Amino acid sequence: METSLTALRSRPRMVIACVLIVLAAFTVEARRWAVSTPPSIQAKSSLPTRAVLTETAKSLIPMPPDTPSAHASTLASVPGGMLAFWWAGSRESGPDVKVYASRWTNGKWSAPWEVASRESLGKALGFGVRRVGNPVAWTAPDGRVHLYVVATGLGGWAASRIVHMVSSDAGARFETRRMLPLSPLFNTSVLVRTSPVGLADGGWWLPLYFEIGIKYPMLMAFDRDGEPTRVGRIGESMSTLQPAIVRVSPTEVRAWMRDAGGEQRVQQALSRDDGASWEDLPSLDLSSHNTSLAVIRLTSGEMLMLHNHVGADDSSRSTLRLSISKDGQVWRTIGDIADGKDGDEFSYPTMHQVGQELHITYTHQRQAIAHHTYRIATGENI
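Before going into details, it helps to say that this report is about the structure given with it. (Residues numbered from 1 in each chain as written. Predicted model: local features only at pLDDT ≥ 70, side-chain atom pairs only at ≥ 80, totals over all residues. Heavy atoms only, no water.)

This brings us to the overall build of the chain. Tallying secondary structure elements over the chain gives three helices and 26 strands in all. Each of the 382 residues in the chain was classed as buried or not, and the buried ones make up 55%. For the chain, the share of sequence-separated contacts (at least 6 apart) that also reach a separation of at least 24 residues comes to 51%. Of the roughly 15,700 Å² of accessible surface on the chain, 52% is carried by carbon and sulfur atoms. (Helix = DSSP H or I, 4+ residues; strand = E, 2+ residues; numbered from the N terminus. Buried < 20%, exposed > 50% of the residue type's maximum accessible area, 1.4 Å probe, protein only. Contact = heavy atoms within 4.5 Å. Areas by Shrake-Rupley, 256 points an atom, 1.4 Å probe, with all protein chains shown as cover.)

Structure follows, in structure tokens:
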């Protein structure tokens, strides 16, 4: 889904000029959106406690027939269970790729159903859609499920737009609400991948990333009705994307990013003013060979990261490692939830806590979506 900066420099000067125009226009638009103040979330006052995870089950989510490729899952809670979304088809960017969903109820996944396709999105938006990509889901306090789907017209992923869909019946049916207003030039070159973060007033933050030549992480705020209120950039890096965001306190917010540069380490940024401004931090001593990661804060206060570790005999996505931290800086390995040989792929993880249970999904060999559940024990319950 990426276009390297080196490749961009080899293109005609006209393409570079177009990129500069897009960036300048986006900067102006971002400043306009950033006028309002982002809402806050209530933080726990207790100190983090040690959490222990015990795996209780693992399986593959049922796939639709005749779809050999699957990727990019996301999770959302609904009454009585949970929903998983992902894309599947013949191959990434294939014309037959669609977004599917499955429901987790009583310890089992349902048969999948179709949520969005090139044809359905094109009909709803009133213009042609060439390809469909990453979905990201969020359940609002009123029970509506908001689904954000990457879609392109002409060009590759760098020409992507984000389609906002909403379901009022726990994911059974979705209506297309809008394309997100992210750029004055056709809203292109912005994608989604990682999970939203809830806010105290019922709104949420949606992590985004810009990708056309350079790459950088972003954040868009929504009110409790799902209306966008502001958008801004995270840090100054031009080679990071797919931010995973966690609130540490009422004012401190941290983000960890996929590294698309040469350092090949998990990148991070810090906000001390509730997401209004960000500073880049030194990278972590954790591998990130251009692969997506997931981070959540447990109700105990500790942070979990699911990321691709690269060892001596690993390729970039052959080992998926779970790590834990109290401060977001020092991470301890819990274990590898998927470990294969060179060339295997276990990637694009998502985590979701429901009570004392942790749910994890990830891409399994680009052929299916794997699901693991863990029991979380903390403090005197260990």
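Glancing now at the sheet that holds strand E1 (residues 51–60). Taken in spatial order, the four strands line up as E1-E26-E25-E24 in an open sheet, and their pairing is antiparallel. In the strand order of this sheet, the two ends are held by E1 and strand E24 (346–354), each with one partner. On average, adjacent strands in this sheet sit at an angle of 20° to one another, irrespective of strand direction. Where E24 lies against strand E25 (residues 357–364), seven bridges are found, and the strand directions are antiparallel. Counted as the bridge partner of Thr 350 is Thr 361 from E25. (Pairing = 2+ DSSP bridges. Axes fitted to C-alpha atoms, helices over the stretch in contact; angles between N-to-C directions.)

What follows covers unusual backbone geometry. Backbone geometry places Ser 93, a non-glycine residue, at a positive phi of 75°. Position of Ser 93 relative to the elements: it lies in the loop between strand E3 (81–89) and strand E4 (98–105). With phi around 55°, Gln 242 is a residue other than glycine that occupies positive phi space. For Gln 242, the location among the structural elements is in strand E16 (residues 240–247).

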